[in-house]
Amino acid sequence: MDEQGEVTRREFLKTATTATAVLVLPRLSEGASQPGVASSNSTVNYGIIGTGTEGCTLLRALTRISGAQCVATCDIYPPNQKKGIETAGSNPQLYEDYRRLLDRKDIDAVLIATPLHLHALMLLDTLSAGKHVFVEKSMFFKEEEEIPIRKAAAAHSKQVVQVGLQRRSDALYQCAIDMIRAGAVGKVMFVRAQWHRNSDWRRPVPDPKYERLINWRMYREYSGGLMAELASHQIDVANWAIGAEPISVVGTGGIDYWKDGRETCDNAQTIFEYPGGQKLVWSSILCNAHYDFNEQIMGDRGTIEITLGKGLFYTEHVAKVSQGATKESWWAGATVTELAKQQGLPIFPETVPPDEGFFARENRYAREWLMRHGYRTIPENDAWYEELTNFIASVRDSKPVACGLDQGIADARAVIYGNRAIDTGRKVFWPKTIG
Amino acid sequence: MRGWLQKGTASFWPGLLVGLSILAAPRGLQPAGRVGRDVLVPCARNVSNELKRYEASHTSMGTEFAVVAYGQDVRLLAETVEEVFQEIDRIDEQMSNYKPESELSLINREAASRAVRVEPSLFALIQKSLQYSEDTGGGFDITVGPLMKTWGFFRGEGRVPSPGELHAVLAHVGYQHVKLDPAIRTIHFDVPGIELDLGGIAKGYAVDRAVSILRENGVAAALVSSGMSSIYALGAPPDEEGWKIILRDPFDSTVPADVVYLKNFSMSTSGNYNKFFTLGGKTYSHIMDPHTGMPVENMLSTTVFVANATDSDALSKLYVLGPEGSRRYLATHPNIQALFYLPVGSKKQFKRVLLQSDSHNLPPDTLVKILR
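Predicted, not measured: the structure shown is a model, and the values here were computed from it. (Residues numbered from 1 in each chain as written. Chains lettered and ligands numbered in written order. Predicted model: local features only at pLDDT ≥ 70, side-chain atom pairs only at ≥ 80, totals over all residues.)

Caption draft 1: Main features of the overall build of chain A. On a plain count of helices and strands, chain A comes out with 13 helices and 17 strands. Sequence separation of at least 24 residues holds for 71% of the intrachain contacts in chain A that already meet a minimum separation of 6. (Helix = DSSP H or I, 4+ residues; strand = E, 2+ residues; numbered from the N terminus. Contact = placed C-beta atoms within 7 Å.)

Structure (structure tokens):
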């Protein structure tokens, strides 16, 4: 595909094959209508395409946000259809063909939580239909989908495009990034991230005919596997912390443990390199969960480690060198224990009761230390709630999105090139024209 | 100048500026010459004549060790301080009662059933500890480990044991149960359940080892601090008579109580204010009276000034004896000063008592100047 040239709609559709025959064909009409920008006082009517696990997670958070109403759901799998309607709780109209949902003039915004291979298609159709769009990560599946998406977003610049990388809306990650920007860890040179599980990463299939529909993550026709579903979040964190997107990636992986007919890797390891020489080392395995999930952001002055719901800050012991004499003044007193510091200072320390023990008190000192350095924020809500509150506010009041087109594209590219590195066994460089 | 202190008796702080200074060395700094690597690789170092200050910290033994050193060669300072931290880690690996693989933990596991042969430096430190126990009538005691566990001060949050528990645990406390055979360097406990805890002396020992390494590498001005509690002042900073050290108020870590100038001398503090727990409005500190099995009361902190940090760390446990109980020790042991902060009523106030040895003649090139 010529990156400089026009990409016709038809060419695009040839690449964005929908092999799942049960899923509907894209609509071919091009008519770009005006976005349904709701006023501050009105309710944002939204529809959601895909009401599986992730779609319902979005719906549950949306039900708590005032000024937004689910008027339509779309899914092709009966149990998910039922789950979606129940979760929305607003008696939405059910569709099996997402194009009929897009036809509705009363819908302002659409959320897309379908298998990965459908994201780009549905995103383009939603923009064409004049709706604001929230698309789950990874934003797109194939390299050649990037330019049509960029063009469509530019052509519909008044419509909100938000990508569901919800760490961008997570107070813990925001605090960590604030700390990094304020120099708490010094120069970030290395990020280590992993997502380890001890399970086959499959969903239960009540009838074999639904295997590919339910376990679409196992099949390369629809899915980027572990890279797309898990790494995408952590690559986004690394991009955010480093403030750039990668320039190259090497990787390896395979189907080495769960030899159950799946086509996507059951383990993947990649090393991404950034323009300043920073590296992201990422791994995912499905045969050991001990190290579970975390991101370790390492700079020359400290480390921030984030696990689910918990952030720890470790300082590096860095020598201070100065010229000539200093007015020396040292403090003395009973031993100051540093166990909490060795175990990491919690970014969001738990509440310490007044009748506190000495470990709890150390935690309190840690919190005071963070506050003195201006690093502490209060976690308010879960990331999905924050992310969707942001989306609704963007739709209604033109608030900037927490995770927009550029972040989504950078993330999707890294997933695609990471998989390519694993598949080919070669170092993959980002194309010169982008990045 | 020393007349204001009555030898061996408690004397309330007169509120005056009090100096006990014996200053012999000329001001300024004369870094010692260095042999060894420099001689072998004469051009390897880019040495400027400017004095550099190098400050680094390191977490070990559950606290943070800090070193600041002056010299002309930053690389030499950096390498020396790195060696210091490695030595502190080595001591921690050997003497920690938190690490099951340490030599001390092995002694604790096996010395009740057999005589365990001990590495010389650890043996010497245990020997020294037992000597302190004898000299302080058991005020300092390295066998309080089981007591600390009963009170929840070992990997716990603190708890008050029942009288029955205390009675039972005191059967396993007492330095008299530790038997040493210096000829073959073995240790044996004469009752089961004895556990050694060097938490009251090992940090001071580590500071002394740090100072030895600094001296060996020609560092003439440095300060070593183990979590603020044990400090050794090597030489003096440039153009100063000694290292300025602020002793914190027992009620507020940000308020200075006294200011001390030290040179070639050590000070250590034991206090009730960092490791304690409160239950039902009552505060229990981690410093135990080995005789009663109860936390020491009516004492806020005790700071001891003595020539080396091993001694000052151990002797800061004069805290247990209090001013009255410390008098006998000071009558028979020279060149020690002990500064007690005692509670006054229920308010956040304290009174000072400064005692010193009957025989107090510090060597030249040493400075201990305590200013209020």
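That shown, we press on.
Caption draft 2: Molecular detail of helix H7 (residues 171-181) of chain A. Residue and element names in this part refer to chain A. The complete set of buried residues in H7 reads Leu 172, Tyr 173, Cys 175, Ala 176, Met 179 and Ile 180. Down the axis of H7, the buried set is contained in an arc of 160°. They therefore lie on one face. Gly 183, located one to two residues past H7, shows a positive phi value of around 90°. (Buried ≥ 20, exposed ≤ 12 C-beta atoms within 10 Å, placed from the backbone. Arc of directions from axis to C-beta.)

Caption draft 3: The arrangement of the interface of chain B and chain A in detail. Each partner contributes to the interface: chain B provides 46 residues, whereas chain A provides 28 residues. Among the secondary structure elements, those contributing two or more residues to the side of chain B that touches chain A are strand S2 (52-60), strand S3 (63-71), helix H2 (74-95), strand S7 (221-226), strand S9 (243-249), strand S11 (265-271) and strand S12 (276-279) of chain B. Of the residues belonging to the side of chain B that touches chain A, the class tally is 19 nonpolar, 16 polar and 11 charged. Relative to S9 of chain B, strand S15 (residues 330-332) of chain A runs parallel, the two being bridged by three bridges. (Nonpolar A, V, L, I, M, F, W, Y, C, P; charged D, E, K, R; others polar. Pairing = 2+ DSSP bridges.)

Caption draft 4: Broad picture of unusual backbone geometry. The omega torsion across Lys 137 of chain A and Ser 138 of chain A is -15°, close enough to zero to call that bond cis. Note that Ser 138 of chain A resides in the loop between strand S5 (132-136) and helix H6 (146-155). Unlike most non-glycine residues, Met 61 of chain B shows phi in positive territory, near 55°. With respect to the helices and strands, Met 61 of chain B occurs in the loop between S2 and S3. On the basis of neighbour count, Met 61 of chain B is assigned to the buried category, with 24 C-beta atoms found within 10 Å. One non-glycine residue with positive phi stands out, namely Asn 335 of chain B, at about 60°. Position of Asn 335 of chain B relative to the elements: it lies in the loop between helix H9 (318-332) and strand S17 (337-343).

Caption draft 5: Quick peek at the domain arrangement of chain B. Residues and elements named next belong to chain B. When the domains of chain B are assigned, the result is domain 1 (1-27 + 245-372), domain 2 (44-97 + 197-240) and domain 3 (105-192). A per-element tally of the side of domain 1 that touches domain 3 places H9 first, with five residues. Across the side of domain 1 that touches domain 3, the residue classes break down as 10 nonpolar, five polar and two charged. (Domains from an automatic or database assignment.)

Caption draft 6: View of the packing of helix H9 (residues 225-242) of chain A against helix H13 (residues 405-424) of chain A. All names here are of chain A. Direction vectors running N to C along H9 and H13 enclose 125°, while the axes themselves pass 9 Å from each other. Classified by the angle their axes make, H9 and H13 are oblique. Judged by the sense of rotation from one axis to the other, the crossing of H9 with H13 is right-handed. Counted together, Met 227, Ala 228, Ala 231, Ser 232, Ile 235, Asp 236 and Asn 239 of H9 and Gln 407, Ala 410, Asp 411, Ala 414, Val 415, Gly 418 and Asn 419 of H13 form the full contact between these two elements. In the contact of H9 with H13, the residues fall into seven nonpolar, five polar and two charged. (Axes fitted to C-alpha atoms, helices over the stretch in contact; angles between N-to-C directions. Parallel < 35°, antiparallel > 145°, perpendicular 65-115°, else oblique. Left-handed = near helix turned anticlockwise from the far one by under 90°.)

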